[in-house]
Amino acid sequence: MKLILKAVSQKYGSMFDGLECDDAVFCDYVNRKFDKFPECVTGGYMRFEYNKKLETLYVITEYETTRKLTKEEEQQVIDYTQGQWSDGIGEGFEQQPFSGEEQWNDPNPENFNKDVVYNPSPWHNGQKVTLSYEGEDPDPYNTCRVCGDHLPEGMGRSNDYLSMNIMPREYQDKYADTIQQPICAYCEDEKPDEYHKEFMRKFYKK
Ligand SMILES: [Zn+2]
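Here the structure is a predicted model, which is why all the values come from computation and not from measurement. (Residues numbered from 1 in each chain as written. Predicted model: local features only at pLDDT ≥ 70, side-chain atom pairs only at ≥ 80, totals over all residues.)

## Some words on the overall build of the chain
Then comes step 1: Along the backbone of the chain there are five helices and seven strands.
Then comes step 2: Going through the 206 residues of the chain one by one, you find that 26% of them count as buried.
Then comes step 3: Across the chain, contacts joining residues at least 24 apart in sequence account for 74% of those joining residues at least 6 apart. (Helix = DSSP H or I, 4+ residues; strand = E, 2+ residues; numbered from the N terminus. Buried ≥ 20, exposed ≤ 12 C-beta atoms within 10 Å, placed from the backbone. Contact = placed C-beta atoms within 7 Å.)

Have a look at this one:
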């Protein structure tokens, strides 16, 4: 399903409606070893959308995710995305010589200065981000919650989420809304999530 981050952009208005930055994918810049960023999230395209009624330009970055995220993971994606808006992709985009001439809808065309970069800045101080999901989770009970691989029923997977009752209260609370998916055998060994690690500790009572 889609994971959509939206916030008010800075500068200008309707002329940037529908403007896309399709040559940069946000997830390509995640360092999967060091950055705190959920494994199940991929993609990430930035675009601008103008709301006529509110006379406001919004920046939107759209990812794909194989499951809903925990609150902590949602915050990680928000932080990462705002980082890209301000210093990474967003900044690079802002500095591209965007040909604004045809979009220039100032009533005084002589105000247009071709030496000025008119790209909207996707980030500003104190910016608030909303996060939402769109589309159905295709088959959550048969999809690895870490890598998103589809798993045949009962094969090569751990249904650790079914034993929620052996987990400490804090894990039950933290994962209650989101954990409804198994973890595949590969992810169990190679990239277990926090829940699975704790589950193994509890299960084998080390
Ligand atoms: Zn997996």
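## Description of the environment of Tyr161
Then comes step 1: With respect to the element layout, Tyr161 can be found in the loop between strand 6 (157-158) and helix 3 (169-175).
Then comes step 2: Look at Tyr161 and you get partly exposed, because 19 C-beta atoms sit within 10 Å.
Then comes step 3: When the C-alpha atoms of Tyr161 and Ile179 are compared, they prove to be 6.3 Å apart, with 18 residues separating the residues in sequence.
Then comes step 4: When neighbours within four sequence positions are excluded, Tyr161 is seen to be in contact with Ile179, Gln180, Gln181 and Pro182.

## Details of the pairing of strand 1 (residues 2-8)
Then comes step 1: Of the two faces of strand 1, the one holding Leu3, Leu5 and Ala7 is buried and the one holding Lys2, Ile4, Lys6 and Val8 is not buried anywhere.
Then comes step 2: Taken together, the seven bridges between strand 1 and strand 4 (residues 56-65) define a ladder with antiparallel strand orientation. Bridged to Lys2 within strand 4 is Glu64.
Then comes step 3: Where strand 1 lies against strand 5 (residues 130-134), five bridges are found, and the strand directions are antiparallel. Pairing of Leu5 across the sheet is with Leu131, part of strand 5. (Pairing = 2+ DSSP bridges.)

## A word on the environment of Glu72
Then comes step 1: Its place among the elements puts Glu72 in helix 1 (residues 71-86).
Then comes step 2: Put simply, Glu72 and Phe37 are 35 residues apart on the chain and 9.8 Å apart in space, counted from C-alpha to C-alpha.

## Here's the deal with the sheet that holds strand 4
Then comes step 1: Here we have five strands laid out as an open sheet, ordered 2-3-4-1-5, and antiparallel in their pairing. Whereas interior strands pair on both sides, the edge strands pair on one side only; in this sheet they are strand 2 (20-21) and strand 5.
Then comes step 2: Pairing between strand 2 and strand 3 (residues 41-51): two bridges, direction antiparallel. Among the inter-strand pairings, Cys21 is bridged to a residue of strand 3, identified as Met46.
Then comes step 3: Sheet strands in contact with helix 1 are strand 1, strand 3, strand 4 and strand 5, and its direction is about 55° off that of strand 1. (Axes fitted to C-alpha atoms, helices over the stretch in contact; angles between N-to-C directions.)

## Points about helix 5 (residues 194-203)
Then comes step 1: Among the residues making up helix 5, those that are buried are Tyr195, His196 and Phe199. The buried residues of helix 5 occupy an angular sector of 90° when the element is viewed end-on, so they sit on one face. Residues Glu194, Lys197 and Arg201 are exposed on helix 5 and point more than 90 degrees away from its buried face.
Then comes step 2: Two residues or fewer past helix 5, Lys205 is found with a positive phi of approximately 40°. (Arc of directions from axis to C-beta.)

## Quick look at helix 1
Then comes step 1: With 16 residues, helix 1 extends 23 Å from end C-alpha to end C-alpha; this agrees with the ideal 22 Å at 1.5 Å per step.
Then comes step 2: Listed as buried for helix 1 are Glu73, Val77, Tyr80, Thr81, Gln82, Gln84 and Trp85. (Expected span 1.5 Å × (residues − 1).)

## Here we look at the confidence of the model for the chain
Then comes step 1: Averaged over all residues, the pLDDT of the chain equals 83, while 84% of them reach at least 70.
Then comes step 2: Under a pLDDT of 50 for its full length, residues 99-104 has, in the predicted model, seven contacts with residues more than four places off or in other chains. (pLDDT = per-residue confidence, 0-100.)

## Re the environment of Tyr45
Then comes step 1: Relative to the helices and strands, Tyr45 is located in strand 3.
Then comes step 2: Exposure remark for Tyr45: the 17 C-beta atoms within 10 Å place this residue in the partly exposed category.
Then comes step 3: Sequence separation between Tyr45 and Asp22 is 23 residues; the distance between their C-alpha atoms is 6.2 Å.
Then comes step 4: Beyond its immediate sequence surroundings of up to four residues, Tyr45 is in contact with Asp22, Val25, Thr61 and Glu62.

## Describing the pairing of strand 3
Then comes step 1: Across 10 bridges, the pairing between strand 3 and strand 4 is antiparallel. Across the sheet, the residue bridging to Val41 is Thr65, located in strand 4.

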